[in-house]
Amino acid sequence: MKKSVNSLDKRFKIAHKEALIGIILMIINFIIWYGFAYGLGSANVKDYTYVWGLPAWFFYSCILGSIIMIVLVIVTVKYIFQDIPFEVNEEENK
């Protein structure tokens, strides 16, 4: 009988969980960017407000959004992701 990939190696389960977390972070980044860029950027150019000389939609979506995502990725890698060995240890995987 053939074993599934997940039952053969617990590292695959960890990798799938961490890949899902990465996809969630990417979706959060897109929502932040899209929300600010098209929420604030859809107004008439004459009605724009500015932050540090940049249009508010650009500042919040690109500058502040990038800072938020960098912090989220650092926190995720530090507290959620796990170190896993690359070597295959047959006794440990059973």
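Before reading further, recall that the structure is shown in the block above.
Residues numbered from 1 in each chain as written. Predicted model: local features only at pLDDT ≥ 70, side-chain atom pairs only at ≥ 80, totals over all residues. Heavy atoms only, no water.

Peer 1: I'd like to hear about the overall build of the chain, residue by residue, with values.
Peer 2: When helices and strands are counted, the chain shows four helices and two strands. Its helices and strands in sequence order give the chain the pattern α-α-β-β-α-α, from N to C terminus. Taken over 94 residues, the chain has a buried fraction of 19%. Across the chain, contacts joining residues at least 24 apart in sequence account for 62% of those joining residues at least 6 apart. Total accessible area computed for the chain in this model is approximately 7700 Å², and 68% of it derives from carbon and sulfur atoms. (Helix = DSSP H or I, 4+ residues; strand = E, 2+ residues; numbered from the N terminus. Buried < 20%, exposed > 50% of the residue type's maximum accessible area, 1.4 Å probe, protein only. Contact = heavy atoms within 4.5 Å. Areas by Shrake-Rupley, 256 points an atom, 1.4 Å probe, with all protein chains shown as cover.)

Peer 1: How would you sum up helix α3 (residues 56–79)? Please name residues and give values.
Peer 2: At 3.6 residues per turn, the α-helix brings residues three or four places apart onto the same side. Taking 1.5 Å per residue, 24 residues should reach 34 Å; α3 reaches 32 Å between its end C-alpha atoms and fits that length. Roughly 35° is the biggest bend found in α3, and it falls at Gly65. Considering only its buried residues, α3 is in contact with α2 (10–40), β1 (50–51) and β2 (54–55). (Expected span 1.5 Å × (residues − 1). Bend = angle between axes of the 7 residues up to and from the residue.)

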